[in-house]
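Fold and geometry: a report
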Amino acid sequence: MQLTFLGTGAGAPSLQRNVTAIALTRSRRGETWLFDCGEATQHQYMRCRLKPGKLEKIFITHLHGDHIFGLPGLLTSRSMAGILEPLTIYGPKGIKTFVETALSLSGSFTTFPLEIIEIEAGPVYDDGTLKVTAWPMNHVVECYGYRIEEHDKPGFLDAPRLKAEGVPRGPWYQQLKRGECVTLEDGRVINGADYLGPATKGKAIAIFGDTAPGDAAFALAANVDLMVHETTLEAAMAEKANGRGHSTTLQAARVALQAGAKRLVATHFSSRYGGQDMARLLAECQSVFPDTELARDFAVFEV
C-alpha cells in the first residue's frame, strides 16, 4: 500500500500546503481510496500521478469545510471526463445531504453510479482483502478516524510435499490453498491447513480525523505499521489546540508511542507555520517518538 498526501494544511490553504486529502493506493494497478477531500483536491490530482478514474472510494472524517469542500468539484469533473466507474462515499451523518444539495443547487450531476453511505463507529467496509473500521474522535463535530487493515495472507502451499504423498494436481489445490479439506477419489481426506506455511501478517494503517486527545486513539492506532495524525499546533499551544478539538506535536507523538505504532506521519498543520517552522515541529514530535516524519503536499509513503 502507498499513501500520497494531496493536502497537509489545516483550516485554509497556504502557499506551501493545500487542505486535507490523503490517497491510499491499494495495488500496482493504481486503484485508490481518498481520505477527506478538501478544497481544490482535484487540482492536486492534476499535479501528481494519481488518476480520478482509478478512484473507488472516498472516506470522509468529518464535515468541516477543509475536509469536504473539494467533493462537488471532484465529482463533477470526474463526470465531465467521461469516467463511468462507480464511486462510493463514506462519512458521518449529513454527508449525503451535503453532496446531493451541492449537486442539485448547482445544476450538476454524475455520469457514474454514486453511492453515499453515512457511517457510525464500527466496521465500515471489508472486501476480504482490506477492512476499514471507524473510530470516534474527540472533535467539536462528529468525527471519525479510520483503521485500514489487510487481512493476513495464507502461507504458501507445499506442492512438492503433496506430490511426494501422491496427491495429484487439480482444481482442489485452490481449496487446499485456502486451508480447506478435500476428499480425493481414493477416499483420502487432505486438510489444506496441514500443508500451508506460516501466514503473512497484513499491514495496518491508522488515519486520524481532527481530534484532541482521547481514549479511542489508542485502539485505533494499536500496533499499526503507519499512523497519520494531525499536529495542528506546536506543544506550547496545547490549550488552544485542545479547546478547538485539535492536537499538538507532543500529543500526537505520545499517542504513537503508547499505541505501539511503528511510524508516525504528522500532518494538518496550521497555516501560521511556514517552511522555516517545520524543523522545529519535527523536533518536538521526535523528542517523544523518534520514528516521526512530517507530511508535505505530494509526499509519498510506502507501507
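Bear in mind that the values here come from a model prediction, so they are computed numbers and not experimental data.

1. Remarks on the overall build of the protein
A tally of regular secondary structure across the protein gives 10 helices and 18 strands. Its C-alpha atoms give the protein principal-axis dimensions of roughly 75 × 50 × 30 Å. The buried share of the protein, taken over its 303 residues, is 50%. Look at the contacts in the protein between residues 6 or more apart in sequence, and 61% of them connect residues 24 or more apart.

2. Section: helix α4 (residues 95-105)
Each α-helix winds once per 3.6 residues, and so residues spaced three or four apart point in a common direction. Here α4 has its buried residues at Ile95, Val99 and Leu103. An end-on view of α4 places all buried positions within 50° of arc, on one side of the element. Away from its buried face, by an angle of more than 90 degrees, α4 presents the exposed residues Thr97, Ser104 and Leu105. Gly107 sits one or two residues past α4 and shows a positive phi near 65°.

3. Observations concerning helix α10 (residues 278-286)
Listed in full, the buried residues belonging to α10 are Met278, Leu281, Glu284 and Cys285. Buried residues of α10, seen end-on, are gathered within an arc of 125° and therefore sit on one face of the element. Buried positions along α10 lie against α9 (249-259), β15 (264-267), β16 (269-270) and β17 (292-294).

4. What about the nonpolar core?
Considering soluble globular proteins, one finds that nonpolar side chains tend to be buried as a cluster. Residues Leu3, Phe35, Tyr146 and Ile148 are the most contacted members of the largest nonpolar core, which totals 26 residues. Among the elements of the structure, β1 (2-7), β3 (21-25), β4 (32-35), β9 (130-136), β10 (144-150), β13 (204-207) and β14 (226-230) are those that each provide at least two residues to this core. If near-sequence neighbours (up to four positions away) are discounted, Ile148 is found in contact with Leu24, Trp33, Phe35, Leu130, Lys131, Val132, Lys203, Ala204, Ile205 and Ile207. In terms of nonpolar packing, the next biggest core, distinct from the first, is built from 21 residues, Cys37, Leu75, Ile89 and Val99 among them.

5. What about the UniProt feature "binding site: Zn(2+) 1" (unreviewed entry) in the protein?
When the UniProt feature table is mapped onto this chain, "binding site: Zn(2+) 1" (unreviewed entry) is found at His62, His64, His139 and Asp210. The greatest C-alpha distance among the residues just named is 10.6 Å, despite their covering 149 residues of sequence, which places them together in space. Set against the largest cavity, the annotated residues named above that line it are Asp210. For His64, the position within the fold is in the loop between β5 (55-59) and α2 (65-68). Given a relative accessible area of 28%, His64 falls into the partly exposed group. Once you skip the residues sitting within four places of it in the chain, His64 turns out to touch His139, Val140 and Val141. Reaching out from His64, the side chain makes a polar contact with the side chain of His62 at a distance of 3.4 Å. The residue Asp210 is located in the loop between β13 and α7 (216-220) in this model. Filtering out sequence-adjacent residues up to four positions away, Asp210 remains in contact with His62, His67, Met137, His139, Cys143, Glu230, Gly245, His246 and His268.

6. So, the sheet that holds β9
The strand order across the open sheet built from 7 strands is β8-β9-β10-β13-β14-β15-β17, with neighbouring strands paired in mixed fashion. Looking at the sheet topology across the chains shown, the edges are occupied by β8 (122-126) and β17. Direction aside, the axes of adjacent strands within the sheet are offset by 20° on average. Packed on one face of the sheet, α9 meets β14 and β15 and runs near 155° to β14. Relative to β17, α10 is tilted by about 160°, and along the sheet it contacts β15 and β17.

7. Side note on the pairing of β3
Side chains on a regular strand alternate between the two faces of the sheet. The buried fraction of β3 is high, at 5 of 5 residues. Because side chains alternate across β3, one face comprises the buried residues Ala21, Ala23 and Thr25, and the other comprises Ile22 and Leu24, equally buried. Sheet analysis places β3 next to β4, joined by 4 bridges and oriented antiparallel. From the neighbouring strand, Ala23 faces β4, where its bridge partner is Leu34. Here β3 hands over to β4 after 6 residues, with Gly30 in that stretch at a positive phi of 90°.

8. Things to note about the UniProt feature "domain: Metallo-beta-lactamase" (unreviewed entry) in the protein
Those places that UniProt annotates as "domain: Metallo-beta-lactamase" (unreviewed entry) correspond, in this numbering, to residues 18-193. Between the end C-alpha atoms of residues 18-193 the distance is 49 Å, and the span holds 24% helix and 28% strand.

Calculation notes
Residues numbered from 1 in each chain as written. Predicted model: local features only at pLDDT ≥ 70, side-chain atom pairs only at ≥ 80, totals over all residues. Heavy atoms only, no water. Helix = DSSP H or I, 4+ residues; strand = E, 2+ residues; numbered from the N terminus. Buried < 20%, exposed > 50% of the residue type's maximum accessible area, 1.4 Å probe, protein only. Contact = heavy atoms within 4.5 Å. Arc of directions from axis to C-beta. Core = buried A, V, L, I, M, F, W, Y, C linked by side-chain atoms within 4.5 Å. UniProt positions renumbered as here; feature names shortened; annotations may be inferred. 1 Å grid on protein atoms, 1.4 Å probe; cavity = no way out; pocket = protein on both sides within 12 Å on 5 of 7 lines; lining within 4 Å. Polar contact = N/O pair within 3.5 Å; in protein donor to acceptor, adjacent residues only side chain to side chain. Pairing = 2+ DSSP bridges. Axes fitted to C-alpha atoms, helices over the stretch in contact; angles between N-to-C directions.

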